[in-house]
Amino acid sequence: ARFLADRHDEAQARAGRGLWPTARVLPWNAWLESLWLDGLAAGAFAEPKALLNATQAARLWERAIAADDVQLLDPGGAADRVASAWWTFHAYARPQEAIAQFSGAGDDGAALARWGRRYARAVADLGCVDRAQLPDVLTAALQRHPFVDGRSVLLAGFVEFTPQQARLVEAIRAAGAVVHSPAAPSGRDTLLSRSQYRTANDELVAALQWARDRIEADPGARASIVVSDLSARFDAVVQLADEILRPQAVAAADLDGPRPYNVSLAPPLSQHPLAVAAFDLLELTQRRLPLARAAALLRSAYLVGGAASAGRRARYEREWRERNVTDVSLNALIQAIGDDDALYAGLVSMSRELRNPSPRSPQAWADMLVDALRQCGWPGGDVQSSAVYQAHVALSRAIGEWRSLALVEPRMDLRAALASLRAHCARTVFQPESTPAQIEILGLLEAAGLEFDGLWLAGMDADAWPQHATPEAFLPASWQRSRGVVHALADRSLERAARLTAQLANSAQQAIASHVSAADGSARGVSPLCDWPLEPRPPRPTPTMQAIAAAPTLDAVVDANLPALDRGTQIRGGVRIIEMQSDCPFRAAAAWRIGADAWPRPGIGLTAMERGNLVHVPMA
């Protein structure tokens, strides 16, 4: 959607216009929601209903599963899988098909039918509409009230439509709208080639260097890199992209500055350091935190005192390690920092208000939790970068959206509220806004329907592409085969992958496919869908490798003498001094003369000092 909106603006500017209407470009689900609102405004529905959001639906699924009173290892994960099966069922089901047909279809199918009936009944009791059923609801409403008459709709970027989507598109066309669905470009004289690499890291380095070279050679060009498993390699991709595409910023540790590239994938909001500090702080009111997390929380720049207090507060971690502490409670944290720390008052207030509160509504919890965070100085008093400011805004907005959970859960205890809010933020992706970039890093499906000057397809080995068939666990395999569910059948996965590969290859002036020659100890070949002419494109040394290679040779200085001790000086350590001196004189000097102790490692049970003291007591 962003790509199409940018292209529209560029075309208007090239036409010499100084002012033009903003293009209304929406992803599919956002477009469905806009149609729902249009239908409500036009009175197309017999009775107005609310539209369930993802958090409300997830809670209803959890309750539907919990009603079985069965102990599951991961109730949240089960709810996610059942919800996915529910979406797939409605996307591929025939009109008037009901989930109840699976009641006798084995344990998983019967469970889906049972939980689906409970979920649908709960949705109906609330007077709401489920988003998985929304296209069918809109299709029925359009047949009664053609509220899209006279509109023009362009559907772009689809590899194929599900049966549910196709029914809705046909209903929109029958209601008087003009629907355009442009065919994928074909017949373009694209320069196709492929390259092979020893490791996945070499492959990414070569792709990023190709993109940089292309932009430097033609400042008006666009270079795009499509990574088949972008979600699994996200951290490695971003790290290498920073190093290769903006080495000066990396050398200066300017990690929050603008990037000359965009990544289509974004991590969950719950993983941003600002959100991690907030959730760990609140979680302390309910349970102990592992030592590493508690220490990181104390050093966080997002609490009162900011980064200036991090060094002073780091000493508490050493004290805990020396005492063999492995997890930290809120009371222990309060006692450790003392009332001379600016954080003390906020922690005491949070302990008083959130330790044993009575159940209340999500709206009330949202107000209390935000107030507790603010009393502890969150989100910090330091000057915020644009990325941190946007994360703060996104988290505040997510908390505001989470308030709507009150529709399905009027009252909940604090532990359930925190778990629900964390899960909501885990479902919310966050990526700071940035200016349009000439280099785009995309996933395979995100690249569908776009146009490229140059395109590099990474990860195109035969084992990864086409993707393996992964049927829905809770839907009977026979039903999925009969309905042609894409991810359930190997031949359907192959057909879709072939269509997408051809679409991508025909959308660029130059297309390069790359793959590794071996992985996990076994040889890998190129996907038959990308078996193009082989051209070597070896990766060049990265800036880090160049810096290491260009480093001057170190001068070796032998200094075997320590300053003499003053007469009468006593060094504590006993026979351990002689043992360490025998093992390594330098280590002995570092430990007993300079005081360079190793960072304590807390272990299970008593420390050596505690064991020694316990022996001394009975002997005394």
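Residues numbered from 1 in each chain as written. Predicted model: local features only at pLDDT ≥ 70, side-chain atom pairs only at ≥ 80, totals over all residues. Heavy atoms only, no water.

Caption draft 1: Examining the overall build of the chain more closely. A count of helices and strands for the chain gives 25 helices and 14 strands. Each principal axis of the C-alpha distribution contributes one length, and for the chain these read about 100 × 65 × 55 Å. In the chain, which comprises 620 residues, the proportion classed as buried is 42%. Accessible surface, the chain: about 33,400 Å² in total, of which carbon and sulfur atoms supply 54%. (Helix = DSSP H or I, 4+ residues; strand = E, 2+ residues; numbered from the N terminus. Buried < 20%, exposed > 50% of the residue type's maximum accessible area, 1.4 Å probe, protein only. Areas by Shrake-Rupley, 256 points an atom, 1.4 Å probe, with all protein chains shown as cover.)

Caption draft 2: Expanded view of the pattern of salt bridges. If you walk through the whole model with that rule in mind, you get 40 salt bridges. Arg 7 is the partner of Glu 10 in a salt bridge, and the nearest nitrogen-oxygen pair spans 3.8 Å. Within this pair, Glu 10 and its partner Arg 7 are both found in helix α1 (residues 2-14), separated by 3 residues, close to a single helical turn. Owing to a relative accessible area of 23%, Arg 7 belongs among the partly exposed residues under this scheme. A salt bridge links Glu 160 to Arg 499; the shortest N-O distance between them is 3.0 Å. Within this pair, whereas Glu 160 is found in the loop between β3 (152-154) and α7 (163-174), its partner Arg 499 is found in helix α21 (residues 490-505), the two being separated by 339 residues in sequence. (Salt bridge = Lys/Arg side-chain N within 4 Å of Asp/Glu carboxyl O.)

Caption draft 3: The arrangement of α1 in detail. Its 13 residues place the ends of α1 18 Å apart at the C-alpha level, agreeing with the 18 Å of an ideal helix rising 1.5 Å per residue. Count one or two residues on from α1 and you reach Gly 16, which has phi positive near 90°. (Expected span 1.5 Å × (residues − 1).)

Caption draft 4: Expanded view of the environment of Leu 60. If you trace the backbone, Leu 60 turns up in helix α3 (residues 54-66). Residue class for Leu 60 comes out buried when judged on its relative accessible area of 3%. In this structure the C-alpha to C-alpha distance between Leu 60 and Arg 499, which are 439 residues apart in sequence, comes to 37 Å.

Caption draft 5: Inspection of the side chain of Glu 440 at higher detail. As for its position among the elements, Glu 440 is in strand β10 (residues 439-442). Filtering out sequence-adjacent residues up to four positions away, Glu 440 remains in contact with Arg 2, Ala 223, Ser 224, Ile 225 and Asn 262. (Contact = heavy atoms within 4.5 Å.)

Caption draft 6: Looking closely at unusual backbone geometry. Cis geometry is adopted by the peptide bond preceding Pro 379, which originates at Trp 378 and carries an omega value of 10°. Structurally, Pro 379 can be placed in the loop between α17 (362-375) and α18 (386-402). Even without a glycine there, the phi angle at Gln 96 is positive, about 70°. Position of Gln 96 among the secondary structure elements: in the loop between α4 (75-92) and α5 (106-125). Owing to a relative accessible area of 79%, Gln 96 belongs among the exposed residues under this scheme. Phi angles above zero are rare outside glycine, and Asn 324 is one such case at about 65°. Position of Asn 324 among the secondary structure elements: in the loop between α14 (315-322) and β9 (327-328).

Caption draft 7: Examining the state of the cysteines more closely. Per the counting criterion, the structure on display carries 0 disulfides. Take Cys 376: it sits in no disulfide, and the sulfur closest to it among the cysteines is that of Cys 425, at 18 Å. (Disulfide = S-S within 2.5 Å.)

Caption draft 8: Broad picture of the sheet that holds strand β7 (residues 261-263). An order of β5-β12-β11-β6-β10-β7 is seen for the 6 strands of this open sheet, with the pairing classed as parallel. Where the open sheet ends on each side, the last strands, each with one partner, are β5 (191-197) and β7. With direction set aside, neighbouring strand axes in the sheet form an average angle of 15°. Of the strand pairs in this sheet, strand β11 (residues 452-458) and strand β12 (residues 508-516) are connected by 5 bridges, and their pairing is parallel. (Pairing = 2+ DSSP bridges. Axes fitted to C-alpha atoms, helices over the stretch in contact; angles between N-to-C directions.)

Caption draft 9: Structural context of the packing of aromatic side chains. Applying the stated criterion across every chain yields a total of 13 aromatic pairs. Relative to Tyr 119, the ring of Trp 61 has its centre 4.0 Å away and its plane inclined at 5°; by these criteria the two rings are stacked. Here the residue Trp 61 occupies a position in helix α3, and Tyr 119 occupies one in helix α5, the gap between them amounting to 58 residues. Each member of the pair Trp 61 and Tyr 119 is classed as buried. An aromatic cluster is present here, built from Trp 28, Trp 31, Phe 158 and Phe 161 joined pairwise through their rings. The side chain of Arg 360 reaches across the aromatic face of Trp 365, ending 5.0 Å from its centre. (Phe/Tyr/Trp six-rings, centres within 6.5 Å; stacked < 30°, edge-to-face > 60°. Lys NZ or Arg CZ within 6 Å of the ring centre and 35° of its normal.)

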